[in-house]
Amino acid sequence: MTRTDSSRDLRTGPRRTVLISGAGVAGPALAFWLNRHGFAVTVVEKAGAVRSGGYPVDVRGTALEVVRRMGILPRLREAHIDLRRLTFLDADGGEVASLDPHALTGGVAGEDLEVRRGDLTGALYAAVRDDVEFLFDDSLDTLDQSSGHGVDVLFRGGARRRFDMVVGADGLHSRTRALAFGPERPFHRYLGYCFAGFTMPNTFGLRREVVLWNVPGRAAALYAVEDSDAVHALLNFARPEPPFDAFRDPCAQRDLVAGVFADAGWEVPGLLAALRDAHDLFFDSVSQIRMPRWSSGRVALVGDAAYAPSFLTGQGTSLALVGAYMLAASLAGRDHAAGFVAYEHSTREFVTLNQDQVGTGDATLFPTTARALEQRNAMLRDLRARPASQGRPAHSALALPEFTYVT
């Protein structure tokens, strides 16, 4: 490993500047690796700080090697949730099956990680905060590439700056993608469901487990992390078209969910009451982003902004980590055009393989007909009698290139 002057790029002299929009998972991970490659990195985030809390997320397969190379794997091992049971209930609350979670998710016990999203984003931020510039409480307003010498950025806070490249790591409804590629709808692949997630008091006596209630087209889940006094609640429902009018209106979201679940049994009435007062409600469609290309000029996308796989695959976080690594490695020693081509060439097959997992495994959790629900329940009873899976090949289908970096 060769050390060079940190003010200079690996091959081209003065450090190239990169603006990353989004400080979730993909953004700080990309900032970490770009900094190691000698880039001068700025991260802009519309929130006032790195966000804590959030639903638990999985880190599997190739993504485990990414966090190991970042040096944060021990910290994440300490934060591992160690979910021990996944119980499915029928319409009346009776047990259908109780499983080792790995039997359904395709994870590998003792290797794969499940951590609170805030624990992961906190670890990523801590790994890079001293080496890159963070701009909180701000976001992109406009992008202009007409000069041919960079991307002129107007921030919503009023500042203007020029960067050699801009990368959108700003999620499913990416502002960067809208500015560089146009409206979301051509790239949005709706998978037929919407969901609302929030936290509520753990009055159920649940510990290190998930309980999932189903009727055709509707599901309610309670996710208990360790011995917490709170649980993560999820209400998921089938809908022919996404409710675009509700996406920016929390009151409309609450009304929509309450209407869908108005006659539901089990603990759902209590969940709806908690939904009304929830301070951390997150509502969205279950969707993917599928794009023919991930870059336009000097602007590229990574993570959910480019290739959201949906939570049905369990691979959103892992794709963000792997994509960030591959984008940084592809840009090292290359200009932006060649680097972006190399990024897609090396990463797209892995992304597509994982996005296609939506047709198997976890996607069967939410059947929309009585017959499909009966078939799902029969599958679960069969899984109960089998040993846990040793992992789906899609999780590990990419070998990371070796990383020669500058510091």
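Residues numbered from 1 in each chain as written. Predicted model: local features only at pLDDT ≥ 70, side-chain atom pairs only at ≥ 80, totals over all residues. Heavy atoms only, no water.

Student: Looking at this structure, I do not really get unusual backbone geometry. What am I missing?
Tutor: Most peptide bonds are trans, and most residues other than glycine sit at a negative phi. Within the chain, D137 stands out as a residue other than glycine whose phi angle is a positive 60°. The topology assignment puts D137 in the loop between β9 (133-136) and β10 (140-144). Located in the positive-phi region is R208, a residue other than glycine, with phi close to 50°. By the secondary structure assignment, R208 is in the loop between β14 (188-201) and β15 (209-215). (Helix = DSSP H or I, 4+ residues; strand = E, 2+ residues; numbered from the N terminus.)

Student: I would appreciate a short explanation of the pairing of strand β17 (residues 230-238) in the present structure.
Tutor: The side chains of a regular strand alternate between both faces of the sheet. By the criterion of burial, β17 is predominantly enclosed, with 7 of the 9 residues buried. Pairing of β14 with β17, which is carried by 9 bridges, proceeds in the antiparallel orientation. Considered in β17, the bridge of A196 is made with L235. Bridge analysis of strand β16 (residues 218-224) against β17 gives 6 bridges, and the strand direction is antiparallel. Residue pairing across strands places A219 opposite N236, the latter belonging to β17. Here β16 folds back onto β17 in antiparallel fashion, the turn holding 5 residues, of which E226 has a positive phi close to 55°. (Buried < 20%, exposed > 50% of the residue type's maximum accessible area, 1.4 Å probe, protein only. Pairing = 2+ DSSP bridges.)

Student: Any chance you could explain the sheet that holds strand β4 (residues 40-45) here in plain terms?
Tutor: Each strand in a sheet pairs with another by means of backbone hydrogen bonds, the pair being arranged parallel or else antiparallel. With mixed pairing, the 6 strands of this open sheet are ordered in space as β9-β4-β3-β13-β20-β19. With one partner strand each, in any of the chains shown, β9 and β19 (295-296) form the two edges of the open sheet. Bridge analysis of strand β3 (residues 17-21) against β4 gives 5 bridges, and the strand direction is parallel. Counterpart to T17 in the pairing with β4 is A40.

Student: Looking at this structure, I do not really get the environment of D304. What am I missing?
Tutor: The residue D304 is located in helix α9 (residues 304-307) in this model. Taking C-alpha positions, D304 is 6.9 Å from A320, a pair spaced 16 residues apart along the chain. Apart from residues no more than four positions distant in its own chain, D304 is found in contact with G171, L172, R177, I289, P309 and G316. (Contact = heavy atoms within 4.5 Å.)

No statement about biological role is implied by the geometric values presented.
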